Amino acid sequence: MARAEESPLIGQPLNRVDGPLKVTGRATYAYEQWEAGPPLYGFILGATIGRGRITRIDTARAERLPGVRLVMTHHNAPPQGTRDESTFLEFPRAFTALANPEIHFHGEPVALAVATTFEQARAAAGLIDVTYAVGPGRYDFAARLDHARTPKKMKIGLAADTAVGDFDAGFDAADVTIDQHYTTPFCSAQPMEPHACLAVPRGEDLIVHTGIQIVDMARTSIAGTLRMDERRIHVVSPYIGGGFGSKLRVHYETILAAIAARVLDRPVKIALTRQQTFPLVGMRPTSHQRVRLGSGRDGRLVAIAHDVTMSTNPDVEYAEQTGVTTRSLYAAPHRATSHRLTALDLPRGEDVRAPGHAPGLMAVEAAMDELAHELSMDPVELRIRNEPELDPERGVPFSDRHLVDCLREGERRFGWKRRPMKPATLREGRRLIGYGVAAAIRPHPQWATRVRVRLEADGTAVVQSDMTDMGTGTYTTLTQVAADGLGLPPERVRVELGRSEFPVSGGSGASWGAGNSSTAVHRACAALRDELLAAACGDTRSPLYGRDPATAVLADGGVRAGGVSVPLGEIVGLVRPGGEGLAAEGGTRPMAEEPNYAAYSINTYGAHFAEVGVDADTGEIRLRRMLGVFSAGRVLNAKTARSQLLGGMIWGLGMALEEAVAVDVRSGALVNRDLAQYLVPVHADVPEIDAVILEGFDEKANPLGVKGLGELGICGAGAAVGNAVFNATGVRVRDFPITLEKLLPGLPPQE
């Protein structure tokens, strides 16, 4: 096997191996499963109040409809397990539904109708009569900023507050200061595949077909909720049509389908409508961020503080790591970060792509742009001037940091020097033209993952793990790693994913999926390689007997040494003469158990550049071009990696200009809960966009030198667009997204 950094297949832009299945409709998603025969269909009825309790619920009319098999409410739902708040992550916790008459947010399920057809179930749900006692609700974030408290627990165990040096003294002594407030809205992950589940009872077992990012934790959550033996639950999730964090854990459609299937002893299928997805899947919290920067006249930061207040549901606390963005980004001797939560009676907060870092960089990178403007300094030079030698809060070296390289390469490719220093001075006809830049940082995490690689008697390889593929390319990258590790062509590798019977992984999320699973495959192949070479050179029946295993290699589907090549299948037959094949497992440990994560600051980096045109009369903003330059260690597949980064950059554009969930502060209802009103970028919004990945290899991250980049593309992208709008117009909008009504009043007068 070639050395990890010299592998011929890893990094190549191999086409997706699952592509033909998807374009021909043979890749079956959760809602498309029919192996259990015709299912029953469920439809969820949501609450029409934001806070209170059910005082009466009448299901008689619904139950009389043709085809209706069950109407479930809190009166007849079976007992369920309770949520264990002590678990490190929230994903394996029990997730109860219809457990009591209390209403915690607008849209919360109050009943489930199950019928022979979807239309019958939906009609039955509409006939359920519910009376509520409406309680006082807290829905207005801005009005409740003074009611914030410190989180009980931050995401992944991070500290809520940090302090280095004496921020107040450093800030007071600074020559130039920025003290500004920025707000980001509620955002919703809206994957193309709706959240759906088919639950199939089979004796004492339950087969659960659902789109889920972490199979093992979903299994634990379902078992805890239904009070079942976890071994009796079989989760199946081979294909997922996008997740972006919204499928990290199970939600109401999965739990209610599972409960109904067990009650009726029939397969039950439930899919959320697009409108139901908004309240029932959780949202990125809204945030109010105060960023303070103090620097000398030379632009070197002496003090930096990032204080975040965000919303949370009072019953299910969620504290996004928004201020963590600032802890490793720029050098400054005096530093402070803090997180506070304000309780609102709204849908629970949950992970949306790049939780914490995406909204945090919107504020920090806008503040850096404001400091550059105050200093009359180039924003790229300001960032480079504040490049740290060590992690500024932890005091440890960086494993592999190339942020300055990203900025310099992007500056060159983008033609940054053409940017006007004075805002609102570059025009093309009636359009004001502006350039913006922002830095990106995202930690590279690691979680426990196991993968099994089996060599069959015919010399083909099978890779198995409950790891999932959300469309990010896992099938393809694991094919490349296994083919490289065993000297096979990619077409002789088969990857099987997304079943709870396979070795347990950390799943897809937090940008750890590719690094975890590829490293595990690499280690499993290394174990197979050692066993194969030992047999090839040490078994008297082998044509390579007596040769030095150190000189033998796996290549072209065989073991080769001294000019002689023996097919892998023949060597497998020597080791396992019964024909069952030869298998080995490889894995990774949680980062808390890896010494490198304590000794080094391991992150990915990037630099975003954007050019916008703003209509001088109407304030309409149009992106003209966008470039991202990224450093994420070694790339597994150049094509899928670039695709991930482009998708993140486009999402960042949406965060800057369009994306926001609107809340009716009188009732707690989500006003724009469909894709006609919840705006995201479309093709016409994205003209010229490019992502460039710098060549790299981070030996401290893992043996392959790879780091996660799925969420890196969104980090900082929105801030670059916002900074470009300021450069074009001279108007600084600190309340994202930047919309016409916020921008238009401040536009410079036209001649």
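Up top is the structure.
Residues numbered from 1 in each chain as written. Predicted model: local features only at pLDDT ≥ 70, side-chain atom pairs only at ≥ 80, totals over all residues. Heavy atoms only, no water.

(A) Representation of the pairing of strand S9 (residues 196–202) within the structure. Most of S9 sits out of view: 6 of its 7 residues are buried. Sheet analysis places S9 next to strand S12 (residues 268–271), joined by 4 bridges and oriented antiparallel. Residue Ala196 lies in a different strand from S12, and its bridge partner there is Ala271. Two strands pair when backbone bridges link them, and S9 and strand S10 (residues 205–210) are joined in this way by 6 bridges, in the antiparallel orientation. Its bridge partner lying in S10, Cys197 is registered against Thr210. In this structure, the hairpin formed by S9 and S10 is closed by a connection of 2 residues, where Gly203 is found at a positive phi of approximately 65°. (Buried < 20%, exposed > 50% of the residue type's maximum accessible area, 1.4 Å probe, protein only. Helix = DSSP H or I, 4+ residues; strand = E, 2+ residues; numbered from the N terminus. Pairing = 2+ DSSP bridges.)

(B) Structural view of the state of the cysteines. The full count for this structure, using the stated rule, is 0 disulfides. Not part of a disulfide, Cys537 finds its nearest cysteine sulfur in Cys525, a span of 18 Å. Judged by its relative accessible area of 6%, Cys537 falls in the buried class. (Disulfide = S-S within 2.5 Å.)

(C) Region of the structure containing the nonpolar core. Core analysis: the biggest nonpolar cluster contains 88 residues, and Leu293, Val612 and Leu743 have the highest contact counts within it. Element by element, the count of residues in this core is highest for helix H8 (residues 357–375), at 11 residues. For Val612, the contacting residues outside a window of four places in its chain are Leu432, Ile433, Gly434, Ile621, Arg622, Leu623, Arg624, Val721, Ala724, Val725 and Ala728. With 45 residues, the next largest nonpolar core counts Leu478, Val559, Ala561 and Leu568 among its residues. (Core = buried A, V, L, I, M, F, W, Y, C linked by side-chain atoms within 4.5 Å. Contact = heavy atoms within 4.5 Å.)

(D) Quick look at the packing of helix H5 (residues 215–226) against helix H6 (residues 252–264). At a closest axis distance of 11 Å, the pairing of H5 and H6 adopts a crossing angle of 50°. One element, H5, and the other, H6, form an angle in the oblique class. For the element pair H5 and H6, the recorded crossing hand is right-handed. In this structure, H5 uses Ile222, Thr225 and Leu226 to contact H6, whose residues at the interface are Thr254, Ile255, Ala258, Ile259 and Arg262. Among the residues making up the contact of H5 with H6, the classes are represented as 5 nonpolar, 2 polar and 1 charged. (Axes fitted to C-alpha atoms, helices over the stretch in contact; angles between N-to-C directions. Parallel < 35°, antiparallel > 145°, perpendicular 65-115°, else oblique. Left-handed = near helix turned anticlockwise from the far one by under 90°. Nonpolar A, V, L, I, M, F, W, Y, C, P; charged D, E, K, R; others polar.)

(E) Quick look at the pairing of strand S22 (residues 558–561). Pairing between strand S21 (residues 553–555) and S22: 3 bridges, direction antiparallel. Its bridge partner being in S22, Ala555 is matched across the sheet by Gly558. Between the end of S21 and the start of S22, which pair antiparallel, lie 2 residues, with Asp556 showing a positive phi angle near 55°. Of the pairings in the sheet, the one linking S22 to strand S23 (residues 564–567) comprises 4 bridges and is antiparallel in character. Residue pairing in the sheet places Val559 in a bridge with Val566 of S23. Where S22 hands over to S23, the hairpin turn is made up of 2 residues, of which Gly562 adopts a positive phi near 60°.

(F) Quick look at the packing of aromatic side chains. Under the defined criterion, the tally for this structure stands at 12 aromatic pairs. Geometrically, the ring pair formed by Tyr29 and Tyr239 is tilted, given 6.0 Å between the ring centres and 50° between the ring planes. With Tyr29 in the loop between helix H1 (19–23) and strand S1 (40–46) and Tyr239 in the loop between strand S11 (233–236) and H6, this pair connects stretches of sequence that are 210 residues apart. On the accessibility criterion, Tyr29 (19% relative accessible area) is buried. Exposure remark for Tyr239: the relative accessible area of 13% places this residue in the buried category. (Phe/Tyr/Trp six-rings, centres within 6.5 Å; stacked < 30°, edge-to-face > 60°.)

(G) View of the pattern of salt bridges. Applying the stated rule across the entire model yields 50 salt bridges. Residue Asp161 pairs with Arg340 through a salt bridge whose shortest N-O separation is 2.9 Å. Remark: Arg340 occurs in strand S15 (residues 334–343) and Asp161 occurs in the loop between strand S6 (129–134) and strand S7 (162–164); sequence separation between them is 179 residues. Accessibility expressed as a relative area gives 34% for Asp161, which makes it partly exposed. Among the ionic pairs, Arg624 bridges to Glu428, the shortest N-O distance being 2.9 Å. (Salt bridge = Lys/Arg side-chain N within 4 Å of Asp/Glu carboxyl O.)

(H) Region of interest: the sheet that holds S12. Pairing is mixed across the open sheet formed by 7 strands, whose spatial order is S3-S5-S1-S12-S9-S10-S11. Whereas interior strands pair on both sides, the edge strands pair on one side only; in this sheet they are strand S3 (68–72) and S11. When the angles between neighbouring strand axes are averaged without regard to direction, this sheet yields 20°. Along the sheet face, helix H3 (residues 118–126) touches S1, S3 and strand S5 (109–115) and points at about 25° away from the line of S1. In this fold H5 packs onto S10 and S11, with an angle of close to 140° to the strand it touches most, S11.

(I) Highlighting H5. Taking 1.5 Å of rise per residue, 12 residues should cover 16 Å, and H5 covers 16 Å from first to last C-alpha, within 8% of that figure. Within H5, 9 of the 12 residues are buried, leaving the element largely enclosed by the surrounding structure. All of the buried residues in H5 are Val215, Met217, Ala218, Arg219, Ser221, Ile222, Ala223, Thr225 and Leu226. Those residues of H5 hidden inside the fold are in contact with S10, S11 and H6. Residue Arg227 follows H5 closely and has a positive phi angle near 60°. (Expected span 1.5 Å × (residues − 1).)

(J) Geometry of the sheet that holds strand S14 (residues 301–312). Here we have 5 strands laid out as an open sheet, ordered S7-S15-S14-S13-S8, and mixed in their pairing. Lying at the two open borders of the sheet, with one neighbouring strand each, are S7 and strand S8 (176–184). Taken pair by pair, the neighbouring strands of this sheet meet at an average axis angle of 10°, ignoring direction. Here strand S13 (residues 287–295) pairs with S14 via 9 bridges, running antiparallel. When the sheet's bridge partners are listed, Ser287 is paired in S14 with Met310.

Any functional reading would require information that these geometric values do not contain.
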